[in-house]
Structures are given as structure tokens and as C-alpha cells.
Amino acid sequence: NTYHLHLRPGETLIEKMGGLHEFMSWRRPILTDSGGYQVFSLKGLTRVTDEGVEFRSPHDGTEEFFTPEKVVEIQMRLGSDIAMPLDECTPYPCTEDAARLGGERTLLWLARSKAEAARLGQPGKGRALFGIVQGGTYAALRREFAERTVALGLDGYALGGLSVGEPKSAMAEMIGAAMEKLPADRPRYLMGVGMPEDLWEAVGQGVDMFDCVLPTRNARNGQAFTWDGRLNLDNGEFRDDRSPLDPDCPCPACRRYTRAYLCHLFRAREITPLRLVTLHNLTFLLALLTMMKNAIRNGSFESARREFLARYLHGR
């Protein structure tokens, strides 16, 4: 996340250390968000204009100013493979006028981001710049902004401003509206979505990529995802449960520990279960996406979705 990494430890240090891949010893592609969502969540500490976003660091109160150009520059110095431009994430609910204002500003910033990326030599060297489609929960705006974003000619396209409190039916409608205008030969990325049922809905409409804090944040709060639904391990019902989280899961938590032990660790406020259930949730989601890919390949996506949801939402 560009916002967090800019504040600590800073792009200068990361660049000096050889970029994010070397710094964190990760040999696979890295996508960096612009940090716009985090900036806009600093209510009362942010001032937004067409030029950029002014805010104060929550760490030491230092004044910061993010322009579209600066956000692109930071990400290039971080060495990210996929860079996201600065965008304005409109809240839910908001008026149509507010949604249009956010979408127009996002397009303005995107054009400037593309120009800055070109000036700095991106795309190139395996790097990509995506565009972000805003528009709130207004289908006509989503179609319009998707069409205008595609006209700028980006490496991939993202849907922003969803999973911010709107009903699931509204999210599904907005995905469908935008997907009508997004090219199938470019990656299509739904930002901030990670609930299993939402992943099935989005993939069914053609979405290729996701990011979400859900598997890690929920794990830290004691929630594990399984094929039979979610388990809240802080609950007393698991105190004497000898079974693993999921008998078919290959993660370290399922191979070695019982629900009873994990329940004890959470209730004792230990640190160990945060890591164990995080590993489990990530393993689960990767297996889920593998299931989806296989179902697409063999033409059984809809039946696989029905079977999964029947078990996940209602148990065996």
C-alpha cells in the first residue's frame, strides 16, 4: 500500500534496498494500491482538490500532499509490477452528483497518472498501470466511467468504491454495469472484495483479480473460513471440539491442531492463533479460486457455484 509504505519506512529506503521484491523477499508479481482509500478514510484530516490530496500523517502529524504524479513516482521507486493511480473513493450512500464528481476527478487524475508514468518510463520493464472505474451505486455512471476509462488505453481496469457498505445486490449490479464496457482481453480487478459468496458472483461476471484484508483481518479476530461456512473460534462451543478446522485442508493449523486448542489460544489472547488462522484462511481462498478456475475450464462453473454455496451457507 503506497500510503503506508510512504509513511513507513519510506520509498527512499525501499528503493535503496533494491525495491519491494528484494526488501520483502517476494519473487512473484506485486501490485501496489495508491493509498487513496486510506487517505480518504482519515476523516477530518484530509483536504481534497483537483490538484491532489492534503493530509497529515497519523504517526507524527507531518503534512503530506499526494498528487497523481507523486503517487505514480512512489510506486515506481517501490518497484511494483502493477501500479494503481490515485482515485477518489466515494462513500455509500452518496448522491448521484457526488458520485459523478468523484468519477470525474478520478478520470482527471488517471490521465495525469498515465502521462507521468510515460514520462518516467512506465509501462515497461514488466510494469503496468491500471485504471480505476468509480461511479458509486449508479449503473449509468459506472457504464459511462468504464467506457471513458477504457478510452485512455490502460494495461488493466479496476472497479473501485464497492464493498463500502452497499447491499450485495447493488454491488452485483454495479459489477455487471461496468463489465459491459471493460475489455475481456485486459485484466479486470475488483478492489476490496473477498467474501467467498462475493467472489463467486464477481468471477461469474468476468472479474479476474481481487484484493481484500478479509482473510487476514478476520483471522486475527478469530474467524476461520471453511467449506461448511465460517467458524468463530472465540466462541465457547469449540472448547472441547477435537476436530481440525477443516479435515481436507493442508495448512499448518489443520494438520496439527484442534478447534479446541485454537479456541483456547484465542480466549487466552495468545498471539500464535492469529498466524495459524491467517495461514488457514489464505489456504482456503487459494483453494476456492483454484476450484473456480477448474470449473471455468471444464464448463461447470454454475453447478460448482450452486454446490459450494449450498454447503458453505447452510452446512453439509
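Right, let's walk through the structure included here. (Residues numbered from 1 in each chain as written. Predicted model: local features only at pLDDT ≥ 70, side-chain atom pairs only at ≥ 80, totals over all residues. Heavy atoms only, no water.)

Moving on, we come to the side chain of glutamate 116. Tracing the sequence through the fold places glutamate 116 in helix α6 (residues 96–119). The buried category is assigned to glutamate 116, whose relative accessible area is 11%. If sequence neighbours within four positions are ignored, glutamate 116 has contacts with Glu69 and Val72. (Helix = DSSP H or I, 4+ residues; strand = E, 2+ residues; numbered from the N terminus. Buried < 20%, exposed > 50% of the residue type's maximum accessible area, 1.4 Å probe, protein only. Contact = heavy atoms within 4.5 Å.)

Before going further, it helps to examine the sheet that holds strand β9 (residues 209–211). What the six strands build is an open sheet, ordered β1-β5-β6-β7-β8-β9; its pairing is parallel. The outermost strands of the open sheet, each flanked by one partner alone, are β1 (31–32) and β9. Sheet topology places strand β7 (residues 156–159) next to strand β8 (residues 188–191); three bridges connect them, and they run parallel. Directly across from alanine 158, in β8, lies its bridge partner tyrosine 189. (Pairing = 2+ DSSP bridges.)

It is worth spelling out the packing of helix α9 (residues 196–204) against helix α14 (residues 301–314) at this point. Relative to each other, α9 and α14 sit at 170°, their axes nearing to 11 Å. With respect to each other, α9 and α14 are oriented roughly antiparallel. Two packed elements cross with a definite hand, and for α9 against α14 that hand is left-handed. From α9, Pro196, Glu197, Trp200, Glu201, Val203 and Gly204 reach across to α14, where they touch Phe301, Ala304, Arg305, Phe308, Leu309 and Tyr312. Along the lines of polarity and charge, the residues of the contact of α9 with α14 split into eight nonpolar, one polar and three charged. (Axes fitted to C-alpha atoms, helices over the stretch in contact; angles between N-to-C directions. Parallel < 35°, antiparallel > 145°, perpendicular 65-115°, else oblique. Left-handed = near helix turned anticlockwise from the far one by under 90°. Nonpolar A, V, L, I, M, F, W, Y, C, P; charged D, E, K, R; others polar.)

Because an α-helix packs 3.6 residues into every turn, residues spaced three or four apart end up facing the same way. Buried residues of helix α5 (residues 68–78): Pro68, Val71, Val72, Ile74, Gln75, Met76 and Leu78, and no others. Where α5 terminates, the next one or two residues include glycine 79, which has phi positive at roughly 85°.

So, about helix α12 (residues 259–267). Listing the buried residues of α12 in full gives Arg259, Ala260, Leu262, Cys263, Leu265 and Phe266. In this fold, the buried residues of α12 make contact with α10 (214–220), β11 (229–232) and α13 (272–297). Just downstream of α12, arginine 269 is the residue with a positive phi angle, here 60°.

Before going further, it helps to examine the pairing of β11. Alignment of strand β10 (residues 223–226) against β11, held across four bridges, turns out to be antiparallel. Note on β11: the bridge partner recorded for phenylalanine 225 is arginine 230.

So, on to the packing of aromatic side chains. Applying the stated rule across the entire model yields nine aromatic pairs. Summarising the aromatic geometry, the rings of tyrosine 3 and phenylalanine 55 are spaced 5.7 Å apart at their centres and angled 50° between planes, so their arrangement reads as tilted. In this pair, tyrosine 3 is assigned in helix α1 (residues 2–7) and phenylalanine 55 in strand β3 (residues 53–56), connecting sequence segments 52 residues apart. Overall, tyrosine 3 belongs to the buried group, its relative accessible area being 4%. Judged by its relative accessible area of 1%, phenylalanine 55 falls in the buried class. Three or more aromatic residues joined by ring pairs make a cluster, and in this case those are Trp200, Phe225, Trp227, Phe284, Phe301, Phe308 and Tyr312. (Phe/Tyr/Trp six-rings, centres within 6.5 Å; stacked < 30°, edge-to-face > 60°.)

So, about the pairing of β3. Each regular strand shows side chains that alternate between the opposite faces of the sheet. Taking every second residue as pointing to the same face, the buried face of β3 carries Val53 and Phe55, while none of Glu54 and Arg56 on the other face is buried. In this structure, strand β2 (residues 46–48) lies alongside β3, joined through three bridges in antiparallel fashion. What sits directly across from arginine 47, in β3, is glutamate 54. Count of turn residues in the β2/β3 antiparallel hairpin: four residues. In this sheet, strand β4 (residues 63–66) lies alongside β3 in antiparallel orientation, the contact comprising four bridges. Within the sheet, the bridge partner assigned to arginine 56 lies in β4 and is glutamate 63. Hairpin geometry of β3 and β4 is characterised by an intervening segment of six residues between the two adjacent antiparallel strands and by a positive phi of about 80° at glycine 61.

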